[in-house]
Amino acid sequence: MKGILICGEPKEKKITSVSKELITTGKGLSSVLDQSLDFLLIGEKCENAAIEAANLGVDRVLTVQGPGSSDLHPERLVAILAQVCKQNDPMVILLGQTDMGRDVAPRLAAKLGANVCMDCVDLVFDESSKELILTKPVYGGNAMAQWALKNHRQLVVTMRPRSEKPAEPDPSHKGRMESISIEFEETQIRTQLMETTCTEGKGIKLEEAKVIVAGGGGIGGSEGFGLIQELAVVLGAAVGITRVPSDENWMPKSLEIGQTGHMVSPNLYIAVGISGAPQHLSGCSHSKIIVAINKDPEASIFGMADFGIVGDYREVLPALIEKLKALKE
Amino acid sequence: MNIIVCIKQIQDPEIPASKFRLGADGKKVIPPEGIPPVINPYDEQAVELALRIKEKRGGQITILTIGEEGASRAVKHALAMGADEGILLQDLTFEGSDSLATAHILTRAIQKIEEFDLILCGRQAADWDEGLVGSILAENLELPLVTLAESADFIEDRWRVKRVILDGYQIFAAPSPAVLTVSHELGPPRLPSGWGIITASKKEIPVWDAKFIGTEPTQIGADASRKKLIKLFIPQRERKCDKIEGEKPEDATSRLVEKLRTAGVL
Ligand SMILES: Cc1cc2nc3c(=O)[nH]c(=O)nc-3n(C[C@H](O)[C@H](O)[C@H](O)COP(=O)(O)OP(=O)(O)OC[C@H]3O[C@@H](n4cnc5c(N)ncnc54)[C@H](O)[C@@H]3O)c2cc1C
Ligand SMILES: Nc1ncnc2c1ncn2[C@@H]1O[C@H](COP(=O)(O)O)[C@@H](O)[C@H]1O
């Protein structure tokens, strides 16, 4: 086994921010372990994304030519990845805890007979014990667990988005580009992907938003989200929700923030009518400034916020919106 | 449609953070006093999905769990919701199993059951939050897999599965038998009915051990586990909160806006 392999994700001719975060993790490992760092891209028309990756300080960018490499079906991805791993025999395979990584990593690990750990926030090599140390949130974010590996098998890891800073261009270290061809049997593909639909609105993407206004169970119904949306418009913010509005169908489920939803880290996170459960905070605790608006002075969200207003959102938000509007003029 | 649902009993994930405790050695989670363990919420939703399919297509629902004696509580809950049979997989050699070992035990148990059209798991167990067992199980059994199912039905000759993605959904078609992992977007599970609770309480839950299902001793239990726990710790999320209380909304929000401007985020 040698080297570290990152499974990158191309998006609109670029690589995703999570892919850049993986490069940061990968670079850290490759330098202490003195191993090469490969970045793999699967998909059609990845040339521009590949160039971007090559400039971020990896040793090699691999692009795949081969059957089905344009069709991002999870089973195809796993079949391709398993082949790449057999050809290159990397010691660590890094993926993001994304739609792709969540689905692909467990299957890949099972196929390779590899060790696997999902949703890590830290992966380092401990020089004294000569062990790889994995850290991951458990119990819905109530605790963190730290593990060492017991054996020296291949390791498949997914990293939680936002656990590292994205890698910056490194002019001194330009990665080689290599295109590889993969063969696998179509009969390995058991399911058929009929349709992919993105329902997210035209608004600002949660991951990219500088400001987020999030509403929780305290909003009490879909009408109440009118005020949340109004505040978001004044602030140029994205709207997020907790599990409660999603379960109650007050708002689209795709806006959920937390352990099983979006991982966000805006400059300003305004939590309205949110109690502060660890499963939710898991997804927003990296925000620069957190503001809590809650009518219960004992709500645990206040312990996790920088600023708080104790009060009913129906009174606080209109006043806040007015104030911000006045400021704009 | 014969459906197998794999469930795990866990500590209640919705206890307030203040009740969450770690052992002094930092190696164990101490169960909260007076709060009984529950069926993993995603597994409860997997049972709900099984029931919805059964209501339309008929068939039999079998619950499988690996756990200690007390885990039959979770099985009883699933039976009270309307599942038909429950089996407890229990053996001293199973204790301390990691995800791969858990998947191995379930694989062997399912191979005993032979006839089934669908296997359901939760998307992840809300204790270690790995999300591995369902997928590994599918690989072991060489069955089609769709993860993060929000709904599923058997239409014509295939399973049609709506899969949740972060910004929307996908539709997959899978031949039968298939493995699905169920996500919370499925919606709330039904409550057990009074009648359900009575019938469940009367049902025997057979126990299958290692010998009966034929697990490989080298693949299960704490010795086979691939990771060694170094420690558990509580993450530091606390911030010093500047809390504005007891002021008129106009004054409170004015002050907040000032503070946010000073902090440079407005
Ligand atoms: C396995 C699992 C995974 C989970 N994953 C996630 C996840 O990814 N994301 C997520 O968000 N949740 C998740 N949850 C749910 C989570 O545990 C909490 O239940 C949820 O986050 C609570 O949402 P909330 O704070 O909006 O609602 P509640 O807990 O109902 O809190 C409502 C708050 O609003 C306040 N309030 C009420 N009325 C008003 C008013 N008029 N004005 C101002 N304040 C008011 C109340 O004081 C209270 O603090 C998960 C749960 C489980 C079991
Ligand atoms: N001890 C167990 N017994 C039965 N099923 C389990 C057990 N552990 C995990 N599972 C199943 O596998 C799913 C994913 O678990 P995990 O990979 O541990 O997050 C759970 O939601 C259950 O459906």
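Residues numbered from 1 in each chain as written. Chains lettered and ligands numbered in written order. Predicted model: local features only at pLDDT ≥ 70, side-chain atom pairs only at ≥ 80, totals over all residues. Heavy atoms only, no water.

Draft legend 1. Structural detail: the side chain of B:T62. Residue and element names in this part refer to chain B. Note on placement: T62 falls in strand β6 (residues 60-66). Residue class for T62 comes out buried when judged on its relative accessible area of 12%. Those residues in contact with T62 that lie beyond four places of it in its chain are I3, I4, V5, E85, I87 and I113. (Helix = DSSP H or I, 4+ residues; strand = E, 2+ residues; numbered from the N terminus. Buried < 20%, exposed > 50% of the residue type's maximum accessible area, 1.4 Å probe, protein only. Contact = heavy atoms within 4.5 Å.)

Draft legend 2. Main features of the domain arrangement of chain A. Residue and element names in this part refer to chain A. Considered domain by domain, chain A is made up of domain 1 (4-188) and domain 2 (206-328). For domain 1 versus domain 2, the separation of C-alpha centres amounts to 33 Å. Both sides together, the interface formed by domain 1 and domain 2 hides about 810 Å², and carbon and sulfur atoms give 43% of it. When the buried area of domain 1 at its contact with domain 2 is split by residue, G140, R160 and R162 rank highest and sum to 69% of it. At the boundary of domain 1 with domain 2, the tally comes to 0 salt bridges. For the interface between domain 1 and domain 2, the tally reads 5 residue pairs in polar contact (both at pLDDT 80 or more). For the side of domain 1 that touches domain 2, the class distribution of residues is 1 nonpolar, 3 polar and 3 charged. (Domains from an automatic or database assignment. Buried area = accessible area lost by both parts, 1.4 Å probe. Salt bridge = Lys/Arg side-chain N within 4 Å of Asp/Glu carboxyl O. Polar contact = N/O pair within 3.5 Å; in protein donor to acceptor, adjacent residues only side chain to side chain. Nonpolar A, V, L, I, M, F, W, Y, C, P; charged D, E, K, R; others polar.)

Draft legend 3. Broad picture of the interface of chain B and chain A. Facing the 78 residues of chain B at the interface are 86 residues of chain A. Both sides together, the interface formed by chain B and chain A hides about 7,500 Å², and carbon and sulfur atoms give 59% of it. Counting the contacts that link chain B with chain A gives 4 salt bridges. Salt-bridge contacts for B:R239 lead to A:D306; the nearest nitrogen and oxygen are separated by 2.8 Å. Scanning the region where chain B abuts chain A turns up 40 residue pairs in polar contact (both at pLDDT 80 or more). Elements supplying a minimum of two residues to the side of chain B that touches chain A: α4 (133-141), β9 (145-155), β10 (158-165), β11 (168-175), α7 (221-224), β14 (227-233), β15 (242-244) and α8 (249-262) of chain B. Considering every element that reaches the side of chain B that touches chain A, the biggest residue donor is α8(B), with 10 residues. Broken down by class, the residue content of the side of chain B that touches chain A amounts to 41 nonpolar, 11 polar and 26 charged.

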